[in-house]
Amino acid sequence: MDLDEKELIVGAQRGDKTAFEQLVYRYDRKVLALAVSYTSDEEDAKDVYQEVFIRVYKALPDFRFESKFSTWLYRIVVNVCLSHRSRLQNREHQSLDAIKDEDGRPGTLELVSPETPSDQKTFGKEISRHLRTAIGTLSPQQRLVFTLRHYEGYKLKEIAMLMNCAEGTVKKYLFTATERLRDQLRPVFE
Amino acid sequence: MRHQKFKEWIPLLVYDELDDAQRALTEKHLATCAECRQQLEEIKELTEVAGAAHEPPDDLLRQARRELRIALRHQHESSRGWIPKWNWRVLVPSYQTAIAGVVCLALGLVIGRFYDNQSPGEHEILQLPVAGQLSASSNDDISIGNIRFIDADATDGDVEFTYEATKPVRVRGSINDPAIQNLLSVALIEAQNPGVRLRAVNVLNTDQLKQPDDDIKRALITALKTDENNGVRRQALAALQNFPYDKQVRDALLYVLNHDSNPAMRIAAIDAISARHYVDPEVLRVLEEKMYTDGNEYIRFRSRAVVQEAKQQ
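Residues numbered from 1 in each chain as written. Chains lettered and ligands numbered in written order. Predicted model: local features only at pLDDT ≥ 70, side-chain atom pairs only at ≥ 80, totals over all residues.

(A) Highlighting the overall build of chain A. Helix and strand counts for chain A stand at eight helices and zero strands. Here chain A holds 190 residues, and 32% of them are scored as buried. Long-range contacts, defined here as pairs at least 24 residues apart, represent 63% of the contacts in chain A between residues at least 6 apart. (Helix = DSSP H or I, 4+ residues; strand = E, 2+ residues; numbered from the N terminus. Buried ≥ 20, exposed ≤ 12 C-beta atoms within 10 Å, placed from the backbone. Contact = placed C-beta atoms within 7 Å.)

(B) Looking closely at the overall build of chain B. Per the secondary structure count, chain B includes 13 helices and two strands. Of the contacts formed within chain B by residues at least 6 apart in sequence, a portion of 57% connects residues at least 24 apart.

(C) Examining the nonpolar core more closely. Counting 53 residues, the largest nonpolar core has Leu32, Ala35, Tyr49, Val52, Val77, Val145 and Leu174 of chain A as its most contacted members. Per element, the largest residue contribution to this core is 10 residues, and it comes from helix 2 (residues 17-39) of chain A. The residues contacting valine 52 of chain A, other than those within four sequence positions of it, are Val31, Ile76, Val77 and Val80 of chain A. Formed by 35 residues, the second largest nonpolar core is a distinct cluster that contains Leu198, Ala236, Ala239 and Ile270 of chain B. (Core = buried A, V, L, I, M, F, W, Y, C linked by C-beta atoms within 7 Å.)

(D) Quick peek at the confidence of the model for chain B. Residues and elements named next belong to chain B. When pLDDT is averaged along chain B, the result is 78, and 77% of the positions lie at 70 or above. Per-element confidence in chain B ranges from a low mean pLDDT of 52 for helix 5 (residues 96-114) to a high of 94 for helix 2 (residues 20-30). Overall, residues 117-139 carries pLDDT values under 50, and its contacts beyond four positions in sequence, including any with other chains, amount to 23 contacts. What the predictor reports for the complex is a pTM of 0.58 with an ipTM of 0.81. (pLDDT = per-residue confidence, 0-100.)

(E) Structural context of the environment of methionine 291 of chain B. All names here are of chain B. Structurally, methionine 291 can be placed in helix 12 (residues 281-293). A residue is classified by how many C-beta atoms lie within 10 Å of it, and methionine 291, with 18 of them, is partly exposed. Put simply, methionine 291 and valine 307 are 16 residues apart on the chain and 8.8 Å apart in space, counted from C-alpha to C-alpha. Not counting chain neighbours up to four residues away, the residues in contact with methionine 291 comprise Arg300, Ser303, Arg304 and Val307.

(F) Spotlight on the packing of helix 1 (residues 3-14) of chain B against helix 3 (residues 34-50) of chain B. Residues and elements named next belong to chain B. Taken N-terminus to C-terminus, the directions of helix 1 and helix 3 make an angle of 35°; their axes are 10 Å apart at the nearest point. You can see that helix 1 and helix 3 cross each other, and the crossing is right-handed. Listed contacts from helix 3 to Phe6, Lys7, Ile10, Pro11 and Val14 of helix 1 are Cys36, Gln39, Leu40, Ile43, Lys44 and Thr47. (Axes fitted to C-alpha atoms, helices over the stretch in contact; angles between N-to-C directions. Left-handed = near helix turned anticlockwise from the far one by under 90°.)

(G) Seen up close, the interface of chain A and chain B. Listed per partner, the contact involves 29 residues of chain A and 27 residues of chain B. Breaking the side of chain A that touches chain B down by element, the ones donating at least two residues are helix 2, helix 3 (42-59), helix 5 (117-136), helix 6 (140-151) and helix 8 (167-189) of chain A. Considering every element that reaches the side of chain A that touches chain B, the biggest residue donor is helix 8 of chain A, with eight residues. Split into classes, the residues belonging to the side of chain A that touches chain B amount to 16 nonpolar, five polar and eight charged. (Nonpolar A, V, L, I, M, F, W, Y, C, P; charged D, E, K, R; others polar.)

(H) Representation of unusual backbone geometry. Non-glycine residue phenylalanine 65 of chain A carries a positive phi angle of around 60°. By the element assignment, phenylalanine 65 of chain A lies in the loop between helix 3 and helix 4 (69-83).

(I) Structural context of helix 9 (residues 230-240) of chain B. All of the buried residues in helix 9 of chain B are Val232, Arg233, Gln235, Ala236, Leu237, Ala239 and Leu240 of chain B. On its buried face, helix 9 of chain B sits against helix 7 (194-204), helix 8 (214-226), helix 10 (247-259) and helix 11 (263-275) of chain B.

Printed below as a string of structure tokens:
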């Protein structure tokens, strides 16, 4: 932790609003990015963001510099993500099987191979949308492990520490997450 | 080793989470197992499709920051007293009908509790300051908002919720009155309606403001850095020009130059820097970088012009 950050924390603990704001601004872009990756919904991401920093605000007086501030912060992020209930609560139960054709019958994913650059852009967007839907079907723990490993680059050992569970458990979550995503997206890739 | 174990190791291989011995074993297994090779290819394809994390849009970050500030202010004020002293709300007219219905419900519940056998002092809900003033039939000035149900299950006869009761206050006074300035700062930062925030910043952008306090400056800087409305940010920048040059104002202008996605704002920041001769070494460093890195050609040109002018002095 650099001296500058320590000064900000101490200032914020003393009630200095500007110091707290500066401290938030050091990390909030990354927290919001993680929240967006995790929730796949901007409104949900803002909820997660707000809950994280309100908890930081309340708990900061008890921060004793026994760990890095970023570690302490991300533990809060992990807890908030795991306890977050999406605004669209049925999102977690949606799967690509729920796709229906124009007559309401279960449909299949048929993506036409892109031939023109604009087709490719549309194709890419479609894939991203399917991926976001597929990620939404994961359990909170699987989704969080996948988000932290893939998008945030945390090692599984670090994720285990943040989630306060065994590394073997985190490995299981990652395995299950990738298996489920493979299953969900296989029709898209074929 | 069981086949299932190798299947569990495939994603770990992709994410480089295996130690040397495990990696060697897995690669040896892959040479002989088509199923695992397919799994490996599919996971690699998955990681490519998933791509890298996207930066959140600037607008989303600004909105999130603003909503956080509002939420933290509520946190702070609710820890000091139940009704904040300078609480400011704007209720959209279309909600008033719905709110009138909730007021009737609230009134019924409060009256029902009031005639309960237990003494009022035992129920915090009866100690609400405005309980006695609520009336569904009178045109009370009190506005009800932010109703949140804690327990909406009435099967046991009880419900619990919180609400905020606010009373509009009409204020008239000097722009140099600290209380007026405080209100305008709150409006600038917390008003949901961008038109209201714009009016607040326009009021503050006046040469009649002779004795602005630091809260005004802080509010303007916050608005400049975080408001999602271009007009509000633009006016905040203009209003800051009325303040003496100091590190805070300089840093705010550099923040705009480095982070504002709107080129007109970055140009305005350069103009403000140039007009007030804010070109110290840190400013020079940022402008020299902007000469080459900004995506807007005019900004690159302006930066170069200001740097050259500064070096000639």
